[in-house]
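Breakdown of the fold
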Amino acid sequence: MKKTLFLCLALLLGFTGIATAQTLSPVGMWTNADKKATFEIYKCGDKLCGKIVTVAVPNDPATGKPKVDKNNPEPKLRSQPLLGLVFMRDFAYDSENKWDDGKIYDPENGKTYSCYMKVLNATSMEVKGYIGFSMIGRSQTWTRVK
């Protein structure tokens, strides 16, 4: 009788533990550390992508027109608007709230980096861009926008 009770209790606690283990998703709206822009992380096929939704200064002060991707290494893409620009691609779930093997494009310098996203809690995530190994690179903490 005690063994049966113990087994039932162990199973109940085990299932409760499984039910409460939950992946925190980066899907949604985020802002970067300096709050210059907001981004939408969304599903694109079986991966995650990200696009620029707003920028703090949407118009180029020199021209008065909406900002474009003027630093893009491909001349034909330099006239595309920053708003709506897909700058994150190909993120796949790795483990422990981490999406890896993605690419992030920095329109400020026109360079593309390997990248991962790790959701730290419901309101913040680490985004790290790097070349080669993820130990070397630059990371930012992004904040979820409500």
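Further up the page is the structure itself.
Heads up: these notes are all about the structure in this document. Note that this is a predicted model, so its numbers are computed, not measured.

Description of the overall build of the protein
A count of helices and strands for the protein gives one helix and eight strands. Each helix and strand of the protein, placed in order from N terminus to C terminus, yields the pattern α-β-β-β-β-β-β-β-β. For the protein, with 146 residues in total, the buried portion stands at 30%. Considering only residue pairs separated by 6 or more positions, the protein has 38% of its internal contacts joining residues 24 or more positions apart.

Some points on the environment of Thr31
Note that Thr31 resides in strand β1 (residues 28-31). Since its relative accessible area comes to 9%, Thr31 is described here as buried. A C-alpha to C-alpha distance of 9.8 Å links Thr31 and Val53, two positions 22 residues apart in sequence. For Thr31, the contacting residues outside a window of four places in its chain are Ala37, Thr38, Phe39, Trp142, Thr143 and Val145. Separated by 2.8 Å, the side chain of Thr31 and the backbone oxygen of Ala37 make a polar contact.

Quick word on a nonpolar patch on the surface
A surface patch of nonpolar side chains, about 440 Å² in accessible area, is lined by Phe133, Met135 and Ile136. Residue position: Ile136 is located in the loop between β7 (124-130) and β8 (137-144).

Focus: the sheet that holds strand β6 (residues 111-121)
Pairing is antiparallel in the closed barrel, where eight strands are placed in the order β1-β2-β3-β4-β5-β6-β7-β8. The sheet shows a mean angle of 35 degrees between the axes of neighbouring strands, taken without regard to direction. In the sheet, β1 pairs with β8 via two bridges, with the strands oriented antiparallel. Each residue of the ladder has a partner; that of Thr31, found in β8, is Thr143.

What to know about the pattern of salt bridges
Applying the stated criterion across every chain, the model contains four salt bridges. Note that Lys51 and Glu40 form a salt bridge whose closest N and O atoms lie 3.8 Å from each other. Taken as a pair, Lys51 in strand β3 (residues 47-55) and Glu40 in strand β2 (residues 37-44) lie far apart in primary sequence, eleven residues in all. According to the relative accessible area criterion, Glu40 is partly exposed, its value standing at 28%.

Here we look at the packing of aromatic side chains
By the definition in use, this model includes five aromatic pairs. Centre to centre, the rings of Phe39 and Trp142 are 4.7 Å apart; their planes meet at 25 degrees, and the pair counts as stacked. Of this pair, Phe39 sits in strand β2 while Trp142 sits in strand β8; the two residues are 103 residues apart in sequence, bridging distant segments of the chain. When sorted by exposure, Phe39 lands in the same class as Trp142, which is buried. Ring geometry for Tyr93 and Trp99: centres 4.9 Å apart, planes at 70 degrees, overall edge-to-face. The class of Tyr93 is partly exposed, set by a relative accessible area of 41%. Site record: aromatic cluster; members linked through ring pairs are Phe39, Phe87 and Trp142. Across from the ring centre of Tyr42, 5.7 Å away, lies the NZ or CZ of Lys51, which sits over that ring. Over the aromatic face of Tyr116 sits the side chain of Lys98, whose NZ or CZ is 4.3 Å from the ring centroid.

What counts, and where the lines are drawn
- Residues numbered from 1 in each chain as written.
- Predicted model: local features only at pLDDT ≥ 70, side-chain atom pairs only at ≥ 80, totals over all residues.
- Heavy atoms only, no water.
- Helix = DSSP H or I, 4+ residues; strand = E, 2+ residues; numbered from the N terminus.
- Buried < 20%, exposed > 50% of the residue type's maximum accessible area, 1.4 Å probe, protein only.
- Contact = heavy atoms within 4.5 Å.
- Polar contact = N/O pair within 3.5 Å; in protein donor to acceptor, adjacent residues only side chain to side chain.
- Patch = residues over 30% accessible without salt bridge, like charges linked within 9 Å, V, L, I, M, F, W, Y side chains within 5 Å.
- Areas by Shrake-Rupley, 256 points an atom, 1.4 Å probe, with all protein chains shown as cover.
- Salt bridge = Lys/Arg side-chain N within 4 Å of Asp/Glu carboxyl O.
- Pairing = 2+ DSSP bridges.
- Axes fitted to C-alpha atoms, helices over the stretch in contact; angles between N-to-C directions.
- Phe/Tyr/Trp six-rings, centres within 6.5 Å; stacked < 30°, edge-to-face > 60°.
- Lys NZ or Arg CZ within 6 Å of the ring centre and 35° of its normal.

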